[in-house]
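Here's the letter readout for the chains.
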Amino acid sequence: MKCTVEEKEDIIKEQNSEIFTLNSELETVRQRLLQLSEKNEMLEGNLQANQEALDISSREIEKAEEENENLLNEQAEEFRSELEEVKEEMASLETERDTMSSQVFRS
């Protein structure tokens, strides 16, 4: 079946219209891809900033934990020293008591 020139022109016009539509859709997709790429870059920047902040927070927590441990160790050492002093004082008082008791019984 032979096509007339008019039919061929109509086919070409229709194909050109489809090509134009596809090109428009392609441009829309390209624009959306560009927007998504920009958004992705922004999100990656935010992710990196958040990771850096998390790393800083983790270091601060570790530092605080270390300071707390040191403080607890210092307090424990002070407590042990005070306890030792109290024990010595108690032993001294017991000795003094025993001495007084033996003097009372001798009298």
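Refer to the structure printed above.
Computed from a prediction, not measured in an experiment: that's the story for all the values here. (Residues numbered from 1 in each chain as written. Predicted model: local features only at pLDDT ≥ 70, side-chain atom pairs only at ≥ 80, totals over all residues. Heavy atoms only, no water.)

A. Looking closely at the overall build of the protein. From N to C terminus, the protein includes one helix and zero strands. Counting every position in the protein, which comprises 107 residues, the buried fraction comes to 0%. When the accessible surface of the protein is split by element, carbon and sulfur atoms take 54% of a total near 10300 Å². Within the protein, the 30 negative side-chain charges are centred at a point lying 8 Å from the centre of the 12 positive side-chain charges. (Helix = DSSP H or I, 4+ residues; strand = E, 2+ residues; numbered from the N terminus. Buried < 20%, exposed > 50% of the residue type's maximum accessible area, 1.4 Å probe, protein only. Areas by Shrake-Rupley, 256 points an atom, 1.4 Å probe, with all protein chains shown as cover. Lys, Arg positive; Asp, Glu negative; His and termini not counted. Charge placed at Lys NZ, Arg CZ, Asp CG, Glu CD.)

B. Representation of the pattern of salt bridges within the structure. Inspection of every chain in the model, using the stated rule, returns three salt bridges. Put simply, Arg-30 and Glu-27 hold a salt bridge, and the shortest N to O gap is 3.9 Å. Here the residue Arg-30 and the residue Glu-27 both occupy positions in helix α1 (residues 5-106), the gap between them amounting to three residues, near one helical turn. Judged by relative accessible area, Glu-27 falls into the partly exposed class, the value being 36%. Note that Arg-80 is salt-bridged to Glu-77, the shortest N-O span being 3.8 Å. (Salt bridge = Lys/Arg side-chain N within 4 Å of Asp/Glu carboxyl O.)

C. Summary view of a negative patch on the surface. On the surface, a cluster of negative charge is contributed by Glu-74, Glu-78, Glu-82, Glu-84, Glu-85, Glu-88 and Glu-89. On the secondary structure map, Glu-84 appears in helix α1. Here Glu-84 falls in the partly exposed class, since its relative accessible area comes to 41%. (Patch = residues over 30% accessible without salt bridge, like charges linked within 9 Å, V, L, I, M, F, W, Y side chains within 5 Å.)

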